[in-house]
Every structure is written in structure tokens, then in C-alpha cells.
Amino acid sequence: MIRVLSLASEAAGLVKTGGLADVVGALPRAIAGHGVDMAVMIPAYPQVLSKLCPPPAKGKRKAPASAPVVHEWANLFGGPARLLKATLDGTTEGPTLLALDAPHLFARDGGPYTDGSGKDWADNWRRFAALSRAGADVAGGVVEGMGFDLLHAHDWQAGLAPAYLKFAPPGGHRVPAVMTIHNMAFQGHYDAGIFSHLGLPMEAWAVNGVEYHGGVGFLKAGLEAAHCITTVSPTYALEIRTSQFGMGLEGLIQSRGNEVRGIVNGIDAEEWNPATDPAIAARFSARALGKRIANKRALEREFMLEKDDGPLFIVVSRLTWQKGMDVLTEVLDHLVGLGGRLALLGSGDAALVGELHKGAARHPGRVSLRIGYDEALSHRMQAGGDAILIPSRFEPCGLTQLYGLAYGCVPVVARTGGLADTVVDANLAAIHAAAATGVQFAGVDYQNLALAITRTVSLYHQADVWAQIRRAGMRSDFSWNQSAATYAALYRSYVTDGSPTPA
Ligand code: ADP
Ligand code: GLC
């Protein structure tokens, strides 16, 4: 059994702002059957703490058992910190969760990365340097009785951890590190002035260390120090070799050659299964698709959309430029003109929200919005929508198209990153071979998205073809099986004998 510490800034079920949380939350269970014992370590933000150390229930004096403290730091970047041990899903046999409780860094109202007004916390460098420092300590065996063979660091927030391991003083325990890029657009780039506070030796201030364009690059540091780099789809692994997608780090990626692997994300089959999902009005499967209509009717009511037999499009997304939401606002009239309706759930950019509201006001009963974050509603939308629109300009993997496939909500996607890898376009050959699972289009602009919507509406009205696309999607392999096996093999190749490393 290989023991891996997965270090990240979010994990589904505890704290989530996007797909990173889904992946970090699902991988430990998925990989357990492949000889990997994976523990997850994240910051103990207030919403995490309240789950691990719940206050006493009303009328009760005694609080339920709190998570035990397994390690303490007297001074972690300006204050005391402790490590709490629990399980990811709250059950006794679930995968291990380690939560870094450092009140001076994480005990605040707001999001994991931003304050209540959406502004990045000014001390994010300190918060995530601390997470990385503590993660490197734990991976290196600082917790008594808890040894690890390998560190798996996710995104820039964990990026310094491989560097802390690489630049550990002689005699320190150095486990190998894998660094995964979930999104190259977020790199954690800070002024050179923070370097002296990081506790790294001077030799780390180098082009092959943490230095990046005269400052400190957290993701860059992780990519330099890790034994192996992965990203979340084969196409994105190729895209980030180019300046269009590499965002300045394409040279580094190219220099690592074949070590940069693209491993596509899967979905958590317990959370996302239309046959068992407690959040939806009517459960269904590929064999009993007829039952799905009750979910469409429920969604129409919930969004106060006119009831009809035309296609109901959905969007579940961060409202950002990356996701092509500006182009979406431009095609609303076209979509409605074709007899379509749209239900959108999202949060993000205020200007985009304004434009979307204008579009919805032009089309009452046809375009309806929910601005905010609502996990259960996202399930009801995948279960009730006919097609999910994902016009991303870049998409390292994307999970909403996978949920769409699993729920018979046909994905209409831009041909980029993981979207290109996971959806089979309904061209004539693919339809003929019964292989089509969605609609792809190249180039995110009005013309191309409008044409993709026109194609989708036309497919929708060919009932047999549409049903075939739906079924093929539901039967495609969006599970973790293959990818978990690939991660396990990758870890194994860096852990020499596969035997436990002493703490
Ligand atoms: P990204 O991580 O870039 O946002 P992904 O498609 O990988 O994109 O993951 C997004 C995740 O966040 C999915 O689980 C999706 O269902 C969820 N999500 C996005 N926006 C919302 C929202 N407003 N309410 C509920 N879930 C959302
Ligand atoms: C990032 C990417 C998204 C990916 C997710 C999980 O948020 O934007 O494409 O699915 O990470 O890997």
C-alpha cells in the first residue's frame, strides 16, 4: 500500500468553489482499490471547522466529539497552528482528512481566497505558504505514527510544498512530489519581498527554484520542484505547451517533456448518480429515460419558465471570461428565437451578471437566472435540462459536461482541453456509429456558439437521434476507474519499493 498525502485548498463536502474540490474529494475513495491510501490535507476554514468540531446542539450542553489534534506548530507564519484528524465523509472508515487549523490565517468570514466583497485576501501568499510548509512537514513524517511515501500537491496554493521538500536541510526526510495543474490561469505570483519570509534557503531564489520574473511564483515553484507534473486532460497537457494556454509557463512545461501527463478527471459516482440522487424529483437511468421528463417539468416550475416541449438549455458555471459567459449573453436572443429556453445557475463577475439580467428581462419565461451557489440545484438542473452549454475559452478538464453525460443532459461544448477529450461530437459519422454524446464547436465567438445551438436544436427535434445521443452519453465512461489506476501507477513509479516509509 502506498501512502499519499493530497494537499489542496478545497475538498468537496467541506469547502468548494469549483472542480478542484470535486477532484480532491473523490480521488481518495476512487484510488483506494488501486493500492493507494490517500489522506487529504486542507486548511480548516470556519466551514470546515464547524463540521469537525461542531458546537453543542440547541438545548444540549455537551458538544459532539471533536476531531483529535495530531500535531501542533508553535509558530506557523505568525501564529500557532494545529492539525486536526478526521475523515473526509465523517464516517469512521472514510479516507483520512487532515485540517490545518491556524486561526490567524484561516478563521475569517468570506471565501477561501477572497473577503466578503470578492477581493483576494492581501495575505494569501502567507496563508498558502503556511499550508505548503505544513503539508511538506506532514508528508515528511512530522506527525507521529503517520508516514507518507509521496506528496501530491494541487494548484498554486500547494505549489510551495514540493519546493519545501526539495530544499529541506540535509538529513530531512524528502518524499517525492507530484504537482497537478488544475488551471494554469491561477499561478500565485507575488513580489520578491515575500521571499525572505518563506523560510527557504537562498539557493531557492533561482530560476530553477521559486523565482519567477523577479518575484515568487508558487505554481512555478511546484512545477520546478516536483518529480512529475500532471494536468487534468490530455488535450490541456498539449495546450499548455503553447503561449496561448501556457500563460508564461509554456517554456517550463516544454522543458519537462514527457513528464507532463494529462490524466482526465472522473466523477464521484456516489454523489452524481441519477438512479440514486436524493436531490432530484424523479430518479432515472439510461434504461428508464422516460421518467426524466418529471425533472424537466420540475425545473421549469422552479425557474418559472414557460412549459413547452422545446429544448431546455442549462448553464451551471462560474460567470467568468474563461467560461465564455460574455459570448453566452450575446446568443440569448438567438437561442430563444429557435424556441429554446435557458435556466442558468452561476456566480462571479458583476458586469456579466448585469448583462445576463438584461437578457433575462428581454425574455421573461424563456431565460431565467439564479445568481449564487447551490449544490442541490445544480443536480436538479442536470437532471431536468436537455442540454448544458459550456462555451469555455479554455477548460483544463471541466466536470459539468461529465455530470451532463451522466444525467442525460447533452453537453454542448467548446473544443478545448478536457471538453474536447470527453465529448464526442454529433457529426454524421459519429451519429451513424451511435458514438455521439454531445455537440462540439471550435472557436468561442457569437457565430460558432450560435451555430452550435442551431445544430443542437435540430438534433433535439430528431427524437430518435437525440435519444441515442443521450443514451450513449449516459453509457460512456466518466468514472474514475481508468484515471485512478493511472495515478496509482504514476505514484508507484516514484516510490522505489512501494513499502511504507518510516515516519
Ligand atoms: P471550474 O472548476 O473551472 O469552475 P469545473 O467544471 O471543473 O469548472 O467544476 C465546477 C464545479 O462547480 C462543478 O461541480 C459545478 O457543478 C460546480 N458549480 C459551479 N458553479 C456552481 C453554482 N453556482 N452552484 C453550484 N455548483 C456550481
Ligand atoms: C479547474 C479547471 C477545471 C477542472 C477543475 C478540476 O478548476 O478550471 O477545468 O475541471 O480544475 O480539475
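Computed from a prediction, not measured in an experiment: that's the story for all the values here.

Caption draft 1: Region of interest: the side chain of Glu211. Within the fold, Glu211 resides in strand β9 (residues 211-212). No salt bridge is formed by the buried Glu211, whose closest oppositely charged neighbour, Lys220, lies at an N-O distance of 5.3 Å. Reaching out from Glu211, the side chain makes a polar contact with the backbone nitrogen of Gly214 at a distance of 2.6 Å. Residues contacting Glu211, with those up to four places away along its chain left out, are Ala204, Trp205, Ala206 and Lys220.

Caption draft 2: Molecular detail of the site of ligand 2. Not every one of the 13 residues close to ligand 2 is listed here, only the nearest: His182, Asn265, Glu395, Cys397 and Gly398. A distance of 3.4 Å separates an oxygen atom of ligand 2 from a polar atom in the side chain of Asn183. Gln322 has a polar side-chain atom sitting 3.5 Å from an oxygen atom of ligand 2. Protein coverage of the free-state accessible area of ligand 2, which is 310 Å², stands at 92%. Sorting elements by how many residues they give to the shell around ligand 2 places helix α1 (residues 19-32) first, with three residues. For the shell around ligand 2, a count of residues per class yields five nonpolar, six polar and two charged. Mapping the shell around ligand 2 onto the domain boundaries places at least three of its residues in each of domain 1 (2-55 + 63-266 + 481-500) and domain 2 (286-474).

Caption draft 3: Representation of the environment of Ser132 in the model. Secondary-structure assignment places Ser132 in helix α4 (residues 124-139). Along the primary structure Ser132 and Gly172 are separated by 40 residues, whereas in three dimensions their C-alpha atoms are 16 Å apart.

Caption draft 4: Main features of the pairing of strand β4 (residues 81-87). Where burial is concerned, most of β4 is hidden: five out of the seven residues are buried. Two strands pair when backbone bridges link them, and strand β3 (residues 69-73) and β4 are joined in this way by four bridges, in the antiparallel orientation. Bridge assignment links Trp73 to a residue of β4, and that residue is Ala81. As defined by bridge partners, β4 adjoins strand β5 (residues 96-101) across six bridges and the pair is classed as antiparallel. Residue Thr87 lies in a different strand from β5, and its bridge partner there is Thr96.

Caption draft 5: Quick peek at empty space enclosed by the protein. Taken as a whole and judged by the stated rule, the model has one cavity of 30 Å³ or more. A volume near 40 Å³ is recorded for the largest cavity. Taken together, Tyr45, Pro46, Gln47, Phe106, Arg108, Gly110, Gly111, Pro112, Trp121 and Arg127 make up the lining of the largest cavity. Across the lining of the largest cavity, the residue classes tally to five nonpolar, three polar and two charged.

Caption draft 6: Layout of the domain arrangement of the chain. Per the domain assignment, the segments of the chain are domain 1 (2-55 + 63-266 + 481-500) and domain 2 (286-474). Summarising the inter-unit geometry, the C-alpha centres of domain 1 and domain 2 are found 33 Å apart. With 20 residues of domain 1 at the interface, the matching set in domain 2 holds 17 residues. Interface area for domain 1 against domain 2, summed over the two sides, is near 1,300 Å², with a carbon-plus-sulfur share of 59%. Seen at the junction of domain 1 and domain 2, the total is one salt bridge. In this structure, the salt-bridge partner of Lys16 is Glu375, at a minimum N-O distance of 3.4 Å. For the interface between domain 1 and domain 2, the tally reads eight residue pairs in polar contact (both at pLDDT 80 or more). Broken down by secondary-structure element, the contributors of at least two residues to the side of domain 1 that touches domain 2 are α1 and α7 (234-239). Among the elements that take part in the side of domain 1 that touches domain 2, α7 stands out by supplying four residues, more than any other. Residues of the side of domain 1 that touches domain 2, tallied by class, amount to nine nonpolar, eight polar and three charged.

Caption draft 7: Structural context of the nonpolar core. Judged by nonpolar contacts, the single largest core of 83 residues is most densely connected at Leu151 and Leu198. Examining the composition of this core, we find that nine residues originate from one element, α4, more than from any other. Ignoring anything within four residues of it in the chain, the contact list for Leu198 reads Phe77, Trp125, Ala129, Leu160, Tyr164 and Val216. The next biggest cluster of nonpolar side chains, apart from the first, holds 39 residues, and it includes Val367, Ala436, Val465 and Trp466.

Caption draft 8: Looking closely at the pairing of strand β15 (residues 367-371). Sheet analysis places strand β14 (residues 341-348) next to β15, joined by five bridges and oriented parallel. Looking at the pairing, Ala343 lines up with Ser368 of β15. Read as a crossover between parallel neighbours, the route from β14 over helix α12 (residues 350-362) to β15 is right-handed.

Caption draft 9: Expanded view of the layout of surface pockets. The computed volume of the second largest pocket comes to approximately 920 Å³. Lining of the second largest pocket is provided by 38 residues; of these, Gly25, Arg29, Leu88, Asp89 and Asp268 occupy positions nearest its centre. Broken down by secondary-structure element, the contributors of at least two residues to the lining of the second largest pocket are α1, α2 (46-52) and β4. Take the lining of the second largest pocket: its biggest share by element is five residues, from α1. Taken together, the residues of the lining of the second largest pocket sort by class into 18 nonpolar, eleven polar and nine charged.

Calculation rules
- Residues numbered from 1 in each chain as written.
- Chains lettered and ligands numbered in written order.
- Predicted model: local features only at pLDDT ≥ 70, side-chain atom pairs only at ≥ 80, totals over all residues.
- Heavy atoms only, no water.
- Helix = DSSP H or I, 4+ residues; strand = E, 2+ residues; numbered from the N terminus.
- Buried < 20%, exposed > 50% of the residue type's maximum accessible area, 1.4 Å probe, protein only.
- Lys, Arg positive; Asp, Glu negative; His and termini not counted.
- Salt bridge = Lys/Arg side-chain N within 4 Å of Asp/Glu carboxyl O.
- Polar contact = N/O pair within 3.5 Å; in protein donor to acceptor, adjacent residues only side chain to side chain.
- Contact = heavy atoms within 4.5 Å.
- Near = heavy atom within 4 Å.
- Areas by Shrake-Rupley, 256 points an atom, 1.4 Å probe, with all protein chains shown as cover.
- Nonpolar A, V, L, I, M, F, W, Y, C, P; charged D, E, K, R; others polar.
- Domains from an automatic or database assignment.
- Pairing = 2+ DSSP bridges.
- 1 Å grid on protein atoms, 1.4 Å probe; cavity = no way out; pocket = protein on both sides within 12 Å on 5 of 7 lines; lining within 4 Å.
- Points joined across faces, edges and corners; volume = space filled by probe spheres on them.
- Buried area = accessible area lost by both parts, 1.4 Å probe.
- Core = buried A, V, L, I, M, F, W, Y, C linked by side-chain atoms within 4.5 Å.
- Right-handed = clockwise from strand over helix to strand, strands pointing away.

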